[in-house]
Structure formats: structure tokens, C-alpha cells
Amino acid sequence: MRGFGDLEAVIMDRIWDRDAETTTVREIFEELSNERDIAYTTVMSTMDNLHRKGWLARERAGKAYRYWPTLTREEHSARLMLEALGSGGRSDLVLSHFVDRISDDESAGLRAALRRLTSRKTPEAP
């Protein structure tokens, strides 16, 4: 897995930020065209590429498609972190360097997440 290209990242951020369950190329294009000079066909081909890569699902709605992400932003971030952990050398050292650089709040959140995961995996006593 690799990260998104620049425009792919912008489009995915827009889709993840939307309250709507699904979105169209037109809706994303209108948002982006307020901030940058971009062609409708560029947005359309980028969203089609994201669909082909498995990042977006879609269904036909009339002549257009409605798109939605296949992963949440957090699931995507977790996959990137796992990839970095697996390809960055010794995983124990990678984790150590990571933990050294996170804030106290992030560290507390990590400890809480680990406690939740540990409690779900621990079998109950008879």
C-alpha cells in the first residue's frame, strides 16, 4: 500500500469530511473549484482512479456515480502506520522512536487503546 497522490489526498479528505454518506464528482468538483483552477474531468478521472485502486466504492445514480470511501480516515491511517512499521527496520526500534515523539495526550490515548484491546483479547475466567 502507498499513500495518495496530492489530488487524491485532497479528494479523499473532502469525502471523509463530508456529512453525506455518498457524494458525486459534481459535488467534489464544485467544492474544489471554489479554491483552485481545476477541470471537472480531472476530478472525475481522479475519483475513477481512486475507485479502481479500491479506495472508493460507487454505484450508478442516473447518468452519474455516487461514491463513498471503503475505509474511514482512521482505518487508512492505521494501514499506513502498519506498513511503516513493517518496512521501517526493527519494529521494536520504530515503535520506540514513535512513542518518544508523540505528545503526552497521544501517549495517554495509545495506552487507553492498548488497555481496551488487551481487555477484549483476554479470555474470561470460568
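Residues numbered from 1 in each chain as written. Predicted model: local features only at pLDDT ≥ 70, side-chain atom pairs only at ≥ 80, totals over all residues. Heavy atoms only, no water.

## Examining the environment of Arg79
Structurally, Arg79 is set in helix H4 (residues 73-87). Residue class for Arg79 comes out partly exposed when judged on its relative accessible area of 43%. (Helix = DSSP H or I, 4+ residues; strand = E, 2+ residues; numbered from the N terminus. Buried < 20%, exposed > 50% of the residue type's maximum accessible area, 1.4 Å probe, protein only.)

## A look at the nonpolar core
By size, the foremost hydrophobic cluster in this structure holds 18 residues, and its most contacted members are Ile11, Val43 and Met47. Residue assignment for this core shows that the elements contributing at least two residues are helix H1 (6-17), helix H2 (25-33) and helix H3 (40-52). Of all the elements, H1 adds the most residues to this core, at 5 residues. Residues contacting Val43, with those up to four places away along its chain left out, are Ile11, Val25, Ile28, Phe29, Leu32 and Ile38. (Core = buried A, V, L, I, M, F, W, Y, C linked by side-chain atoms within 4.5 Å. Contact = heavy atoms within 4.5 Å.)

## Overview of H2
Three- or four-residue spacings in an α-helix give side chains the same orientation, since the helix completes a turn every 3.6 residues. Looking at H2, one finds that the buried residues are Val25, Ile28, Phe29 and Leu32. Summarising the axial view, the buried residues of H2 lie within an arc of 100°, below the 170-degree limit, and thus occupy one face. Looking at the buried positions of H2, the neighbouring elements they touch are H1, H3 and strand S2 (64-69). (Arc of directions from axis to C-beta.)

## Section: the pairing of S2
Bridge analysis of strand S1 (residues 56-61) against S2 gives 6 bridges, and the strand direction is antiparallel. Across the sheet, Glu59 pairs through a bridge with Arg66, a residue of S2. Here S1 folds back onto S2, and the loop between the two strands holds 2 residues, one of which, Gly62, carries a positive phi near 75°. (Pairing = 2+ DSSP bridges.)

## Remarks on the packing of aromatic side chains
Following the criterion strictly, the structure yields 4 aromatic pairs and no others. Note on Phe29 and Tyr40: the rings are 5.6 Å apart at their centroids and 75° apart in plane angle, and the pair reads as edge-to-face. Of the two residues, Phe29 sits in helix H2 while Tyr40 sits in helix H3, which places them 11 residues apart along the sequence. These aromatic residues form a ring-pair network of at least three members: Phe4, Trp16 and Trp55. For Arg58, the ring lying beneath its charged end belongs to Tyr65, and the centroid distance is 4.0 Å. (Phe/Tyr/Trp six-rings, centres within 6.5 Å; stacked < 30°, edge-to-face > 60°. Lys NZ or Arg CZ within 6 Å of the ring centre and 35° of its normal.)

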